[in-house]
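What follows is each chain in one-letter form.
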Amino acid sequence: MNIDKLFINGNIYTMKEENDKIEAFGIKEGKIVFTGSNIEAIDIIAYAKEVIDFEHQIIIPGLTDSHMHLYAHCKNLEDVNLETAKSIEVVIELMKIKAAKTSPGKWIKGVNFDDTKFSEGRLPTKTDLDKISKVHPIIIRRSCLHVVCANSLALSLAGVVNGYKPDVNGTVEYDSHKDPTGIVREQAIKVFDQIIPDCFNNREEKKEAISKVLRDIASRGLTTVHTYAAKLWKYEEDITIYRELEKEGKLPVRVLVCLDELFEKEDYNETKMSRVTYGAYKLFIDGSLGSRSAALIEPYCDDKNNYGILICTQEELDNKMIKAYKKGMQPAIHAIGDKALEMIVSSIENVLNIFPYNGQRFRIIHAQLINESLLERMKKLPLVVDIQPSFVSSDLHWVKDRLGENRLSQGGYAWKTMLDAGLILTGGSDCPVESYNPFEGIFSAVTRQDRQGYPEGGWYPKEKLSVYEAICMFSKNAAYATGEEHVKGTIEKGKLADFIIIDRDPFLINPLDIRNIKVIKTFVGGV
Ligand SMILES: [Zn+2]
């Protein structure tokens with residue numbers, strides 16, 4: 001047996017099972033060919049071209065972000081970050097700084113604002129944003145991406161004026177004179193995205209921005225990302241850019257590109273050696289809880305006539321699903337509210353009534369509100385749920401206003417309930433909504449607290465996950481979602497040598513410290 005690299009003296013969590021630990025493993029041509037103890041490693045040391053001493057450092061499998069929008073994040077980095085703004089007043093101040101440096105007529109964009117933190121307790125309107133500038137078209141985008149506020153110039157350039165009718169009812173807000181207030185939601189946001197010039201001047205600039213972000217992603221311990229396009233909002237994902245980066249030796253992680261339009265899948269045999277592959281076909285059903293557009297069975301507690309927004313009917317969804325299934329695609333469906341979830345569960349049932357199961361797991365993205373009967377139906381279906389545990393840390397301050405105690409205690413962000421029901425959960429960030437640092441997600445799943453440690457004991461603590469369960473979501477469960485459970489996700493013989501060295505033991509430290517874990521080195525395919 002020849003071995004390219006033999007790693008010894010490690011504190012290695014294989015993640016095959018809880019507490020399964022080894023001291024050594026050997027790799028050849030990017031795959032793990034030996035695992036065992038130091039003593040077993042010494043037996044084969046003569047066959048190793050190189051021996052590397054881990055010096056008792058902590059090793060876990062490389063992690064996966066199962067749901068993010070990589071190009072959206074790259075674009076957002078060019079905009080004014082409003083994350084810290086605690087009032088509309090501060091938003092105006094921050095945006096004014098940018099306006100002073102921008103020539104009139106050019107678009108100015110702000111991102112990541114969160115109106116639940118605003119002292120005014122409301123969304124900004126065109127009147128607020130006109131105070132920044134009337135000679136620049138301005139939009140600001142909520143952190144959830146599902147709401148945009150625009151100034152008067154932006155509205156008129158987009159044609160959103162008195163009498164404008166959006167495709168989906170309720171997506172543009174009007175005052176009593178039928179004038180748009182500047183608040184635009186969901187699909188209707190595209191009217192801006194379609195006319196705003198791309199922030200990158202050319203393909204090279206775009207590629208450089210992506211490359212830079214990918215390097216940072218790898219340094220956080222991610223070895224695979226599932227990145228999703230939202231073409232509607234011009235968050236395209238161009239697979240050829242990742243392929244070029246790979247050819248140039250500049251792709252530090254594996255990338256699964258998921259598109260929101262039907263596409264031709266390549267022959268797996270042709271691409272299996274590549275780090276870049278096509279993944280799921282993304283469908284949307286509803287919006288977000290923050291913007292009160294997630295579709296609910298019962299209305300919002302803080303908006304009694306509002307059930308959220310459904311962007312398609314059951315029949316339309318079924319037709320899309322059937323089309324995708326016929327093409328052999330893996331559908332991945334965004335569903336946040338319980339109504340949206342109910343629709344997607346029905347749709348999966350309907351598809352499987354017509355077609356024999358093709359072996360690909362359906363992916364449900366978010367699933368932030370469930371109930372018992374839905375859970376019973378989900379248990380019987382071949383699906384995975386792609387959750388974003390960091391949402392708990394961000395949303396726990398305001399989501400009770402939206403959904404109320406009853407619904408939340410029964411099925412709000414009910415990760416443990418879902419796991420106990422036998423569902424497979426994967427972990428993601430929905431970046432740019434949350435940070436792609438996977439240890440932020442693991443921290444949230446384990447503690448169910450915000451970044452300051454509030455509330456003590458955790459928010460609906462019965463839904464807390466163990467450290468093992470949380471890391472599984474970001475490793476082997478994510479591999480299971482794409483049918484790659486025999487390829488990666490654990491440190492086992494025959495699997496890809498994707499692993500990370502971290503600076504402290506997540507199983508032994510205070511859970512509050514998990515988000516401070518630093519990655520010492522990331523290995524993809526053994527390098
Ligand atoms: Zn998303």
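Quick notes on the rules
Residues numbered from 1 in each chain as written. Predicted model: local features only at pLDDT ≥ 70, side-chain atom pairs only at ≥ 80, totals over all residues. Heavy atoms only, no water. Helix = DSSP H or I, 4+ residues; strand = E, 2+ residues; numbered from the N terminus. Rg over C-alpha atoms; globule rule 2.2 N^0.38 Å. Buried < 20%, exposed > 50% of the residue type's maximum accessible area, 1.4 Å probe, protein only. Areas by Shrake-Rupley, 256 points an atom, 1.4 Å probe, with all protein chains shown as cover. Lys, Arg positive; Asp, Glu negative; His and termini not counted. Charge placed at Lys NZ, Arg CZ, Asp CG, Glu CD. Polar contact = N/O pair within 3.5 Å; in protein donor to acceptor, adjacent residues only side chain to side chain. Contact = heavy atoms within 4.5 Å. Donors = N, O, S within 2.8 Å, 3.2 Å for Na, K, Ca; no water. Phe/Tyr/Trp six-rings, centres within 6.5 Å; stacked < 30°, edge-to-face > 60°. Expected span 1.5 Å × (residues − 1). Pairing = 2+ DSSP bridges. Axes fitted to C-alpha atoms, helices over the stretch in contact; angles between N-to-C directions. Parallel < 35°, antiparallel > 145°, perpendicular 65-115°, else oblique. Left-handed = near helix turned anticlockwise from the far one by under 90°. Nonpolar A, V, L, I, M, F, W, Y, C, P; charged D, E, K, R; others polar. Core = buried A, V, L, I, M, F, W, Y, C linked by side-chain atoms within 4.5 Å. Salt bridge = Lys/Arg side-chain N within 4 Å of Asp/Glu carboxyl O.

A. Examining the overall build of the protein more closely. Looking only at helices and strands, the protein has 18 helices and 23 strands in total. Computed over C-alpha atoms, the radius of gyration of the protein comes to 24 Å, within 12% of the 24 Å expected from 2.2 N^0.38 for 527 residues, which places it in the range of a compact globule. For the protein, with 527 residues in total, the buried portion stands at 59%. Put simply, the protein shows about 21,400 Å² of open surface, and 49% of that area lies on carbon and sulfur atoms. Side chains of the protein carry 68 positive and 76 negative charges; the gap between the two charge centres is 3 Å.

B. Structural detail: the side chain of D386. For D386, the location among the structural elements is in strand β20 (residues 383-387). Judged by relative accessible area, D386 falls into the buried class, the value being 0%. Of the polar contacts made by the side chain of D386, one reaches the side chain of R363; its length is 2.8 Å. Other than its neighbours up to four places away in sequence, D386 contacts S66, Y228, R363, I364, I365, H366 and T426.

C. The coordination of the zinc ion, seen in detail. The zinc ion binds to the protein through H67 (NE2), H69 (NE2) and D430 (OD); the donor distances cover 2.1 to 2.2 Å. Read N to C, the donor residues that coordinate the zinc ion are spaced as H-x1-H-x360-D. Comparing H67 with H69, the two get one shared label, buried.

D. Region of interest: the packing of aromatic side chains. Taken as a whole and judged by the stated rule, the model has 19 aromatic pairs. For the pair W233 and Y235, a centre-to-centre distance of 6.4 Å together with 85° between the ring planes defines the contact as edge-to-face. For the pair W233 and Y235, a shared accessibility class is recorded, and that class is buried. The interplanar angle of 80° and the centroid separation of 5.6 Å between the aromatic rings of Y413 and W459 together place this pair among those described as edge-to-face. Here the residue Y413 occupies a position in the loop between α14 (399-411) and α15 (415-420), and W459 occupies one in the loop between α16 (438-447) and α17 (467-473), the gap between them amounting to 46 residues. Accessibility expressed as a relative area gives 9% for W459, which makes it buried. One aromatic cluster in this structure is built from F7, F25, F54, F499 and F523.

E. Structural context of helix α3 (residues 88-100). Across its 13 residues, α3 extends 18 Å between first and last C-alpha, which sits within 8% of the 18 Å expected from 1.5 Å per residue. In this structure, the buried residues of α3 make contact with β9 (80-81), β10 (108-113), α4 (126-130) and β11 (138-142).

F. Region of the structure containing the sheet that holds strand β3 (residues 21-22). Reading across from one edge, β3-β2-β7-β22-β23 is the order of the five strands in this open sheet, with mixed pairing throughout. Both outer strands of the open sheet, β3 and β23 (519-523), are each paired with one neighbouring strand and no more. Both strand β2 (residues 11-13) and β3 contribute to a ladder of two bridges, which runs antiparallel. Opposite Y13, over in β3, you have K21 as the bridge partner.

G. Quick look at the packing of helix α11 (residues 338-354) against helix α12 (residues 372-379). Taken N-terminus to C-terminus, the directions of α11 and α12 make an angle of 30°; their axes are 10 Å apart at the nearest point. Accordingly, the angle class assigned to the pair α11 and α12 is roughly parallel. Handedness of the α11/α12 crossing: left-handed. Residues D338, L341, E342, V345, S346 and E349 of α11 lie in contact with α12, whose contacting residues are L374, R377 and M378. Residues of the contact of α11 with α12, tallied by class, amount to four nonpolar, one polar and four charged.

H. Spatial organisation of the nonpolar core. Judged by nonpolar contacts, the single largest core of 126 residues is most densely connected at L70, F192, L214, I217, L289, I344 and F439. The leading source of residues in this core is α11, at seven residues. In contact with I217, other than residues within four places in its own chain, are M68, L70, L222, V225, V253 and Y436. Grouped together as the second largest cluster of nonpolar side chains are 19 residues, I92, A99, I108 and C149 included.

I. A look at the sheet that holds strand β19 (residues 362-366). The sheet built from eight strands is open, its strands ordered β8-β15-β16-β17-β18-β19-β20-β21 with parallel pairing. Of all strands in the sheet, those with a lone pairing partner are β8 (63-68) and β21 (424-427), marking the two edges. The average undirected angle you get between the axes of adjacent strands in this sheet is 25°. Of the pairings in the sheet, the one linking strand β17 (residues 276-284) to strand β18 (residues 331-335) comprises four bridges and is parallel in character.

J. Spatial organisation of the pattern of salt bridges. For the structure on display, the rule yields 35 salt bridges. Among the ionic pairs, K416 bridges to D420, the shortest N-O distance being 3.5 Å. Of the two residues, K416 and D420 both sit in helix α15, four residues apart, roughly one turn of that helix. The class for D420 is exposed, based on a relative accessible area of 56%. We note a salt bridge from R451 to E434, for which the minimum N-O separation is 3.1 Å. Pair noted here: R451 is in the loop between α16 and α17 and E434 is in the loop between β21 and α16, with a separation of 17 residues, a long-range link. Of the residues examined, R451 reaches a relative accessible area of 29% and is grouped as partly exposed. Here E434 falls in the buried class, since its relative accessible area comes to 11%. What emerges from the salt-bridge pattern is a single network uniting R203, K207, D238, E244, E248 and K250.

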